[in-house]
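Observations on the three-dimensional arrangement
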Amino acid sequence: MFRPKDPKTGVALHLYPGKPAGDGTGPTIHLAIPGTVEAAMTRVEKAGGKVVSPIIDIPPGRFFYSLDLDGNSVGFFETR
């Protein structure tokens, strides 16, 4: 887990060795995002990525999985 010095302006991410989203191999990177997961889904698709999961609710927030242009698994997380 990487946490920013200032959570309002920094970038946080989480890297875990579990099964990646989609059919890929390798790690999944989880990024904390500003705004909503719906807005992030739109940005992912507009940039050529692929959303591969529905929005998933967990107690600290919501997230979804996507694949970048190279097929890497990326999770985007919105805190509550």
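Okay, so let's go over this structure. As the structure is a prediction and not an experimental result, all values here were calculated from the model. (Residues numbered from 1 in each chain as written. Predicted model: local features only at pLDDT ≥ 70, side-chain atom pairs only at ≥ 80, totals over all residues. Heavy atoms only, no water.)

Attention shifts here to the packing of aromatic side chains. Enumeration according to the criterion identifies two aromatic pairs in this entry. Relative to Tyr 65, the ring of Phe 63 has its centre 5.4 Å away and its plane inclined at 80°; by these criteria the two rings are edge-to-face. Ring centres of Phe 64 and Phe 76 lie 5.4 Å apart, and the angle between their planes is 25°; on these two criteria the pair is classed as stacked. Of this pair, Phe 64 sits in strand β5 (residues 61-67) while Phe 76 is found in strand β6 (residues 73-79), placing the two residues twelve residues apart along the sequence. The same class applies to Phe 64 and to Phe 76, which are both buried. (Phe/Tyr/Trp six-rings, centres within 6.5 Å; stacked < 30°, edge-to-face > 60°. Helix = DSSP H or I, 4+ residues; strand = E, 2+ residues; numbered from the N terminus. Buried < 20%, exposed > 50% of the residue type's maximum accessible area, 1.4 Å probe, protein only.)

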